[in-house]
Structures are given as structure tokens and as C-alpha cells.
Amino acid sequence: LSNAPEGNDVGKIMERRSLLKNIAAAAAFSIATTTSVSQPARALDFDAFESSEITKDDGKSNPSLNDDEALCKYGAPGRAMGEACERAK
């Protein structure tokens, strides 16, 4: 009982090896040619983006509050905040 290939099997093994080598070479060539072509960078012009966002801002996100309203909404909990909320309402 031997695992050595018979006469005709040796030829098939050699054909498979050469086929695999050719496939590997073709894959390497296609990867090399497709990755070498690069597209130009499309960077975001952040200054223009920021400027357009600021001009879109209509003030709804930053309403003007008087001192009592601001303290009531954003102040630290305590007596002063409670009094400010009483006056703001």
C-alpha cells in the first residue's frame, strides 16, 4: 500500500500545479493593474461647508432668553433656579 502517484497521475498533478500557478499569476497581475489606477481625491471643502451651514441657521436652535429663563432652563438646581423659574413663568 503506497500513496505514491501512478504514472498517469503524475501528469495530472503537474497540469494542476501549472494551472494553479497561471491562475495565481493572472490574479496578481489583475490586482496590480487595477490598484495602480487611482481616482483623484474628492476632499470636502470644510470652510465652504461650514459657511453654508452657518448661513442656514435661522436662530431656532439658539433662541434668545432673558436671565431668568436661562437660569431656569440651564442653571444648577437650587433655590436661585427655583426663584428664576417662578419669575420666568
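Here, the structure is the one placed above.
For every chain, the first residue of the written sequence is number 1, and numbering continues from 1 onward in sequence order. For a predicted model such as this one, the threshold for reporting local features is a pLDDT of at least 70, and the threshold for listing and counting side-chain atom pairs is 80 or more; totals across whole chains, interfaces and linings nevertheless cover every residue. Each side-chain value is derived from all of the structure's non-hydrogen atoms; neither hydrogens nor water enter the calculation.

Participant: I'd love a proper account of a nonpolar patch on the surface, names of residues and values included.
Facilitator: Residues qualify for a patch when their relative accessible area is over 30% and they have no salt bridge, like charges being joined within 9 Å and the nonpolar side chains of Val, Leu, Ile, Met, Phe, Trp and Tyr within 5 Å. Residue burial considers only the protein chains on display, and all accessible areas are found by Shrake-Rupley using a 1.4 Å probe. Only one rule defines a salt bridge in this text: a Lys or Arg side-chain nitrogen within 4 Å of an Asp or Glu carboxyl oxygen. Together, Leu19, Leu20 and Ile23 give the surface a local cluster of nonpolar side chains, amounting to about 310 Å² of exposed area. Numbering of helices and strands runs from the N terminus, with a helix taken as a DSSP run of H or I at least four residues long and a strand as a DSSP run of E at least two residues long. Among the structural elements, leucine 19 can be located in helix H1 (residues 7-36).

Participant: Residue-level account of the packing of aromatic side chains, with values.
Facilitator: What counts as a ring pair is set by centres within 6.5 Å for rings of Phe, Tyr and Trp (its six-membered ring), and what kind of pair is set by the plane angle: stacked under 30 degrees, edge-to-face over 60, tilted for all other angles. Scanning all chains against the criterion turns up one aromatic pair. Relative to phenylalanine 49, the ring of phenylalanine 46 has its centre 6.1 Å away and its plane inclined at 45°; by these criteria the two rings are tilted. With phenylalanine 46 and phenylalanine 49 both in helix H2 (residues 46-56), this residue pair falls three residues apart, about one helical turn.

Participant: Can you explain the pattern of salt bridges? Please cite residues and give values.
Facilitator: Throughout the structure, instances matching the rule amount to three salt bridges. The partner of lysine 56 in a salt bridge is glutamate 53, and the shortest N-O contact between them spans 3.2 Å. Of this pair, lysine 56 and glutamate 53 both sit in helix H2, three residues apart, which is roughly one turn of the helix. We note a salt bridge from arginine 79 to glutamate 83, for which the minimum N-O separation is 3.5 Å. With a gap of four residues between them, arginine 79 and glutamate 83 both fall in helix H4 (residues 79-88), about one helical turn apart. Classification of arginine 79 by relative accessible area gives exposed; the value is 70%. Exposed residues in this analysis have more than 50% of their type's maximum accessible area, buried residues have under 20%, and partly exposed residues fall in between, with area computed by a 1.4 Å probe over protein chains only.

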